[in-house]
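Close look at the chain arrangement
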Amino acid sequence: MSQRLNTQRREREPRPLDQPARRPSPVDAGRVRQDNAARVFHPGIVHFALAMGGFAIGITEFATMSLLPFFARDLGISEPAAGHAISAYALGVVVGAPVIAVLAARVARRTLLIALMAFFALMNGLSGLAPDYHTMLVLRFLAGLPHGAYFGVAMLVAASLVPTNKRTGAVGRVLLGLTIATTIGVPLANGVGQAIGWRWAFAIVAGLGLLTAILVAMFAPRDAVTSGASPLRELSALGRKHVWLTLAIGAVGFGGLFSVYTYLASTMLAVTHVSPALVPVALCVFGAGLTAGNIIVPRFADRALMATAGGLLLWSAATLALYPLAAANVWTLCADVLLIGLGGALATVLQTRLMDVAGEAQTLAAALNHSAFNIANALGPWLGGMAVAAGYGWTSTGLVGAGLALTGFAVWAIAAALAAREGV
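Residue numbers run consecutively from 1 along every chain, following the written order of its sequence. The model is predicted, so local features are restricted to residues of pLDDT at least 70 and side-chain atom pairs to those at 80 or more, both for listing and for counting; the totals for chains, interfaces and linings are taken over all residues. Side-chain metrics rest on all non-hydrogen atoms present in the structure, leaving aside hydrogens and water.

Section: the packing of helix α13 (residues 264–272) against helix α16 (residues 330–342)
The following threshold applies: Axis definition: a line fitted to C-alpha atoms, limited for helices to the stretch in contact. Angles are taken between N-to-C directions and run from 0 to 180 degrees. Helix and strand definitions follow DSSP, with helices as H or I runs of at least four residues and strands as E runs of at least two, each counted in order from the N terminus. Should an angle lie under 35 degrees it is considered roughly parallel, over 145 roughly antiparallel, and from 65 to 115 roughly perpendicular; all remaining angles are considered oblique. Whether a crossing is left-handed or right-handed is set by the direction in which the near helix is turned from the far one by less than a right angle, anticlockwise for left-handed and clockwise for right-handed. Contacts are residue-level and defined by heavy atoms, with any inter-residue pair within 4.5 Å sufficient. The nonpolar class holds Ala, Val, Leu, Ile, Met, Phe, Trp, Tyr, Cys and Pro. Asp, Glu, Lys and Arg form the charged class, and all remaining residues, Gly among them, are polar.
Taken N-terminus to C-terminus, the directions of α13 and α16 make an angle of 160°; their axes are 11 Å apart at the nearest point. As judged from the angle between their axes, α13 and α16 are roughly antiparallel. α16 is crossed by α13, and the crossing has right-handed handedness. Across from L264, M268 and T272 in α13, the residues of α16 making contact are V330, L333 and V337. For the contact of α13 with α16, the class distribution of residues is 5 nonpolar, 1 polar and no charged.

Topic: the packing of α13 against helix α14 (residues 279–301)
Running from N to C, α13 and α14 cross one another at 135°; their axes reach a closest spacing of 10 Å. It follows that α13 is oblique to α14 by the angle criterion. Pair α13 / α14 crosses with right-handed handedness. Seen from α13, the contacting residues are L264, A265, M268 and L269; seen from α14, they are V279, A282 and L283. A breakdown of the residues in the contact of α13 with α14 according to their chemical character gives 7 nonpolar, no polar and no charged.

As for a nonpolar patch on the surface
Quick note on the threshold: What makes a patch is a set of residues exposed beyond 30% relative accessible area and free of salt bridges, joined within 9 Å when like-charged and within 5 Å when nonpolar (Val, Leu, Ile, Met, Phe, Trp, Tyr). Accessible surface is estimated by sampling points in the Shrake-Rupley manner with a 1.4 Å probe; for residues, cover comes only from the protein chains shown. We define a salt bridge as a side-chain nitrogen of Lys or Arg found within 4 Å of a carboxyl oxygen belonging to Asp or Glu.
A contiguous nonpolar surface patch, about 500 Å² in accessible area, is contributed by L91, V94, V95, V99, L103 and I375. With 5 residues, helix α5 (residues 79–103) is the largest single contributor of residues to the nonpolar patch. Among the structural elements, I375 can be located in helix α18 (residues 362–392).

Concerning the pattern of salt bridges
The condition is simple: When a residue's accessible area, from a 1.4 Å probe over protein chains only, is under 20% of the maximum for its type it is buried; when over 50% it is exposed; and in between it is partly exposed.
Applying the stated criterion across every chain, the model contains 3 salt bridges. Of the charged contacts, one joins D74 and R199 as a salt bridge, the two residues approaching to 3.4 Å between their closest N and O atoms. You can see D74 sitting in helix α4 (residues 68–75) and its partner R199 sitting in helix α9 (residues 198–219), a full 125 residues away along the chain. Close ionic contact of R167 with D356 constitutes a salt bridge, the shortest N to O distance being 2.5 Å. On the criterion of sequence distance, the pair formed by R167 in helix α8 (residues 167–196) and D356 in helix α17 (residues 346–357) is long-range, its members being 189 residues apart. On the basis of relative accessible area, D356 is assigned to the partly exposed category, the value being 36%.

Section: the environment of H370
By secondary structure assignment, the location of H370 is in helix α18. For H370, a relative accessible area of 8% corresponds to the buried category. Put simply, H370 and A347 are 23 residues apart on the chain and 8.5 Å apart in space, counted from C-alpha to C-alpha. Not counting residues within four places of it along the chain, the set of residues in contact with H370 comprises V93, G148, F151, G152, M155 and Q351.

These figures come from the coordinates and say nothing about function on their own.
Structure, rendered in structure tokens:
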């Protein structure tokens, strides 16, 4: 009887999703268990600490776009030139995610998260002190380096604290920090930047980054470095076709959302003919859609992961195709923007899918997901801009976005067929 109860208790305990075949050494594992036993932590508190980092990252990524005219004037450069600072940050994300994941293979995840957010805080603080354009470019590139690696590792930690059937919800809670930033944090940072200077917006981000490092140090459980962990083992993810297919779904299928978001303000002013004061309202509505998606969609994804990913791509294609029809009226526009934002939960779903197909190369695969979405962030606006420049109008970005979502669905169909055949 006692043995049966002990067996049932072990089965109910949440297991790390990426538990590798090789375990930490007995000495290290014992030391970690001893330390965690002396500290009380709750998954919800840890998720909140990790989401705080997403909140800081969301502000620095999106608020910089809205403050571009102000630091362009202060640094004595044109707005197009100032836009290169945004591109430099995105390049930092794309480069930093895989490089850090590989080089830090032998670093405990809790330690890595603290180091990444400390570096993030430092680079954003220095960005607020940048004396000239070229220094700003370098600092924005450096500030972007921890972005993808932080999210990748944070989501692995979050998922490891809950049962398997709740992991997508855990990933979604970490991303809530990013989505809430687009709803609340970015408008606040923009208001602070306009009221007392753009440099203070970077100071706020630096403070939030430092706060995240402190919260993670206080509440996240310690983990031992897995025996056999190495850069080569992380690189093994690059040999898995299902990893590449999942990344391709995000890199292409998510581009449609960015195609519309990038030119939303221009569409509202030129097509909807609203006051500039209503543009932040629409951006908040978009953020509300992202937030709602990350709360609602994980409940379906934890039951049918791949089916949910395919459904989200079709949802995005439909809502993006409606965009040209909705743009003439501010109420229909905001309604459609809300629905487009719901499709942003694709990032959460694909992050969980990577946990299933990455094998022992969990950190690199999780980090690469954010490189893929930054590729989408470049691809969508580029193709949308080409359509506008060709004379098809601002609303053509919706049709471009629908095309990207359907292309992503085609990649999903290939991945789903292979997964069904191979049982992955």
